[in-house]
Amino acid sequence: MIKKCTFAEHRICELWIDYQVTSAALAEADELCHQNWTEIQHQQDYIDLLKSILTEHNIDVPPEY
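Each residue is numbered by its place in its chain's sequence as written, counting from 1. The predicted origin of the model limits local features to residues at a pLDDT of at least 70 and limits the giving and counting of side-chain atom pairs to 80 or more, whereas totals for whole chains, interfaces and linings rest on all residues. Side-chain figures throughout are based on the complete set of non-hydrogen atoms in the structure, without hydrogens or water.

**Student:** Any chance you could break down the overall build of the chain for me, citing the residues and the numbers?
**Tutor:** When its secondary structure is counted, the chain shows one helix and zero strands. Each residue is assigned to one of three classes by its accessible area relative to the maximum for its type, calculated with a 1.4 Å probe on protein chains only: buried under 20%, partly exposed between the two thresholds, exposed over 50%. Considering the chain as a whole, with its 65 residues, one finds that 6% of them fall into the buried category. Just so you have it, the chain exposes about 6,300 Å², and 60% of that area is on carbon and sulfur atoms. A helix here means a DSSP run of H or I that spans at least four residues, while a strand means a run of E at least two residues long, and both kinds are numbered starting from the N terminus. For the accessible areas, the method is Shrake-Rupley and the probe is 1.4 Å, while residue cover comes only from the protein chains on display.

**Student:** Could you give me a rundown of a nonpolar patch on the surface, with the residues and numbers involved?
**Tutor:** A contiguous nonpolar patch, built from Tyr46, Leu49, Leu50 and Ile53 and spanning about 360 Å² of accessible area, is present on the exposed surface. Mapped onto the elements, Leu50 comes out in helix α1 (residues 14–56). Of the residues examined, Leu50 reaches a relative accessible area of 36% and is grouped as partly exposed. Two joining distances apply to patches: 9 Å for like charges and 5 Å for nonpolar side chains (Val, Leu, Ile, Met, Phe, Trp, Tyr), and every residue must have over 30% relative accessible area and no salt bridge. Should a side-chain nitrogen of Lys or Arg be within 4 Å of a carboxyl oxygen of Asp or Glu, the pair is scored as a salt bridge.

**Student:** If you had to explain the packing of aromatic side chains to someone new, which residues and values would you point to?
**Tutor:** For any pair of aromatic rings, the description rests on two quantities: the centre-to-centre distance and the angle between the ring planes. To pair, rings of Phe, Tyr and Trp, with the six-membered ring standing in for Trp, must have centres within 6.5 Å; the planes then decide the type, stacked if under 30 degrees apart, edge-to-face if over 60, and tilted in the middle. A full pass over the atoms with the stated rule returns one aromatic pair. Considering the side-chain rings of Trp16 and Tyr19, the 5.7 Å spacing of their centres and the 35° angle between planes classify their relative orientation as tilted. Pair noted here: Trp16 and Tyr19 are both in helix α1, with a separation of three residues, about one helical turn. A relative accessible area of 19% means that Trp16 is categorised as buried.

**Student:** I'd like a rundown of the pattern of salt bridges, residues and numbers included.
**Tutor:** Scanning the entire structure with this criterion turns up one salt bridge. Between Glu64 and Lys51 there is a salt bridge whose closest N-O contact spans 2.3 Å. Here Glu64, found in the segment after α1, pairs with Lys51, found in helix α1; they are 13 residues apart in sequence, far enough to count as distant.

Nothing here speaks to function; it is geometry throughout.
Put into structure tokens, the structure is as follows:
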């Protein structure tokens, strides 16, 4: 990717700007996805714990949808 514009050397290429914005957005999305996945894993561990407690006390576990 060329930073300088091919048609006007004193300008920054608009495609380069788009690339930079897209790269920043992708990095932010990756970070948010990782945090969301961590939260999902935590919630699943909590659900598994609750299920085991219900089963241990002979209480029916509600069906999953």
